[in-house]
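Per-entry structural report
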Amino acid sequence: MEMLDNLKESAAYISGKIGGKKIDIALVLGSGLGDLADQLADPVVIDYHDIPHFPVSTVPGHKGRLVIGNLEGKNILCMQGRFHYYEGWSMEQVVYPVRTFKLMGINNLFLTNAAGCVNKDWKPGDLMIITDHIKLIQDSPNRGANIDELGPRFFDMCSAYDKSLIALAKECAKDKGMTVREGVYMLFTGPSFETPAEVRFARLAGADAVGMSTVPEAIAASHMKMRTVGISCLTNMAAGILDQSLNHEEVLETGERVKHTFQTLVREIIRRW
Ligand code: HPA
């Protein structure tokens, strides 16, 4: 199967660049959170456009490279820049990197993102551990022929966000004296932010946050039985909650403002993973 051959080639290329070193956790860094990659010790940096078959990201504020190195005693592979559906990539292309990582032998996945806050009791700058997600758009990274080597045709999503990792994330926040939220992330395709009516709908549906990423990766990871944890940085109140318009600058500004807290939490989770 061509896709599987491509994935294997990508995986072999990356593994070759790091001398076959075993990676403990793949970490996907969301908008404004990419700095964490700069904290890795002895980094090996690989541009996406050098990796055979890899997509190359186009969003301002997103770099397009892997940074591989040590953090808190673990070997970490960071995606500095991810692929979004709104860029025009298919869902299958969006999850291409995560599948590559699995074929490199990586079984742990840490997803992060910037998201709009739907829960009116919370505020911009809050961090949210993702407990579950809602995907209303009827597309899936797993649509089409199943790649049996990666996982089964039909697969469970009840443990897409690993319960023991959710518990660990809560413990880590508590021990660091941080307030952390737990909630449901709802995927919208973007690139427009949601309308106020869509945000009211998301709240009625049970969502606490809305965003344009993460869900495809979590689905592909669940298919491949990777242990996954997700954390959202709630960068803004979602559309219509406050009497103001939304913009990408606010997303980046809040990301910048809370990045130290965010990084502390992510590092602590990695240390105790
Ligand atoms: N909506 C969707 N995606 C987002 C938002 C939002 O309000 N903020 C950051 N990413």
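Up top is the structure.
Definitions and limits used
- Residues numbered from 1 in each chain as written.
- Predicted model: local features only at pLDDT ≥ 70, side-chain atom pairs only at ≥ 80, totals over all residues.
- Heavy atoms only, no water.
- Core = buried A, V, L, I, M, F, W, Y, C linked by side-chain atoms within 4.5 Å.
- Buried < 20%, exposed > 50% of the residue type's maximum accessible area, 1.4 Å probe, protein only.
- Contact = heavy atoms within 4.5 Å.
- Helix = DSSP H or I, 4+ residues; strand = E, 2+ residues; numbered from the N terminus.
- Polar contact = N/O pair within 3.5 Å; in protein donor to acceptor, adjacent residues only side chain to side chain.
- Axes fitted to C-alpha atoms, helices over the stretch in contact; angles between N-to-C directions.
- Parallel < 35°, antiparallel > 145°, perpendicular 65-115°, else oblique.
- Left-handed = near helix turned anticlockwise from the far one by under 90°.
- Nonpolar A, V, L, I, M, F, W, Y, C, P; charged D, E, K, R; others polar.
- Salt bridge = Lys/Arg side-chain N within 4 Å of Asp/Glu carboxyl O.
- Phe/Tyr/Trp six-rings, centres within 6.5 Å; stacked < 30°, edge-to-face > 60°.
- 1 Å grid on protein atoms, 1.4 Å probe; cavity = no way out; pocket = protein on both sides within 12 Å on 5 of 7 lines; lining within 4 Å.
- Points joined across faces, edges and corners; volume = space filled by probe spheres on them.

Before going further, it helps to examine the nonpolar core. Leu66, Leu77 and Phe110 are the most contacted members of the largest nonpolar core, which totals 78 residues. Discounting chain neighbours no more than four positions away, the residues touching Phe110 are Ile25, Ala26, Leu27, Val28, Val229, Ile231, Val266, Ile269, Ile270 and Trp273. Residues Val184, Phe188, Ala202 and Ala207 belong to the second largest nonpolar core, which totals 11 residues.

Before going further, it helps to examine the side chain of Thr228. Structurally, Thr228 is set in strand 9 (residues 227–237). Residue classification places Thr228 among the buried positions, given a relative accessible area of 1%. At 3.3 Å, the side chain of Thr228 forms a polar contact with the backbone oxygen of Met226. If we skip the residues at most four places from it in the chain, Thr228 touches Leu109, Leu111, Ala160, Tyr161, Asp162, Leu165 and Ala221.

What follows is about the packing of helix 1 (residues 2–17) against helix 3 (residues 96–103). Axis separation between helix 1 and helix 3 bottoms out at 8 Å; the angle between their running directions is 65°. Taken together, the axes of helix 1 and helix 3 are roughly perpendicular relative to one another. Where helix 1 crosses over helix 3, the two elements pack in a sense that is right-handed. Judged by residue contacts, Met3, Leu4, Asn6, Leu7, Lys8, Ser10, Ala11 and Ile14 of helix 1 engage Tyr96, Arg99, Thr100 and Leu103 from helix 3. Class assignment of the residues belonging to the contact of helix 1 with helix 3 gives a composition of seven nonpolar, three polar and two charged.

A separate point is unusual backbone geometry. The step from Gly190 to Pro191 runs through a cis peptide bond, and the omega angle for that step is 0°. Its identity as a non-glycine residue notwithstanding, His53 has a phi of 75°, on the positive side. A residue is classified by how much of its surface remains accessible, and His53, at 38% relative accessible area, is partly exposed. One non-glycine residue, Glu72, lies in the positive phi region at around 55°. Along the polypeptide, Glu72 turns up in the loop between strand 3 (65–71) and strand 4 (74–80).

For the rest of this paragraph, the subject is the pattern of salt bridges. Under the counting rule described, the total for this entry stands at 14 salt bridges. With a closest N to O distance of 2.6 Å, Lys259 and Asp35 form a salt bridge. Remark: Asp35 occurs in the loop between strand 1 (25–29) and strand 2 (41–47) and Lys259 occurs in helix 7 (residues 248–272); sequence separation between them is 224 residues. By relative accessible area, which is 11% here, Lys259 ends up buried. According to the relative accessible area criterion, Asp35 is partly exposed, its value standing at 31%. Residue Arg82 pairs with Glu217 through a salt bridge whose shortest N-O separation is 2.7 Å.

Looking now at the packing of aromatic side chains. Within the structure shown, the criterion is met by six aromatic pairs. Both rings, one in Tyr48 and one in Phe54, keep their centres 5.3 Å apart while their planes meet at 50°; by these two values the pair is tilted. For the pair shown, Tyr48 and Phe54 are each scored as buried.

This part takes up empty space enclosed by the protein. Counted by the stated rule, this structure contains two cavities of 30 Å³ or more. There is about 70 Å³ of room inside the largest cavity. Lining of the largest cavity is provided by 14 residues; of these, Tyr85, Leu187, Met212, Ser213 and Pro216 occupy positions nearest its centre. When residues of the lining of the largest cavity are traced back to their parent elements, those giving at least two are helix 2 (91–94) and helix 6 (215–223). Taken together, the residues of the lining of the largest cavity break down into nine nonpolar, four polar and one charged. Quantified by volume, the second largest cavity comes out at close to 60 Å³.

Time to look at the packing of helix 4 (residues 163–175) against helix 7. Between helix 4 and helix 7, the least distance of the axes is 9 Å, while the angle of their chain directions is 120°. The orientation of helix 4 with respect to helix 7, classified from their angle, is oblique. Here helix 4 and helix 7 pass one another in a crossing that is right-handed. For the pair helix 4 and helix 7, the contacting residues are Leu168, Ala169, Glu171, Cys172, Ala173 and Asp175 in the first and Leu265, Glu268, Ile269 and Arg272 in the second. Class assignment for the residues of the contact of helix 4 with helix 7 results in six nonpolar, no polar and four charged.

Keep in mind that these numbers describe shape and distance, not what the molecule does.
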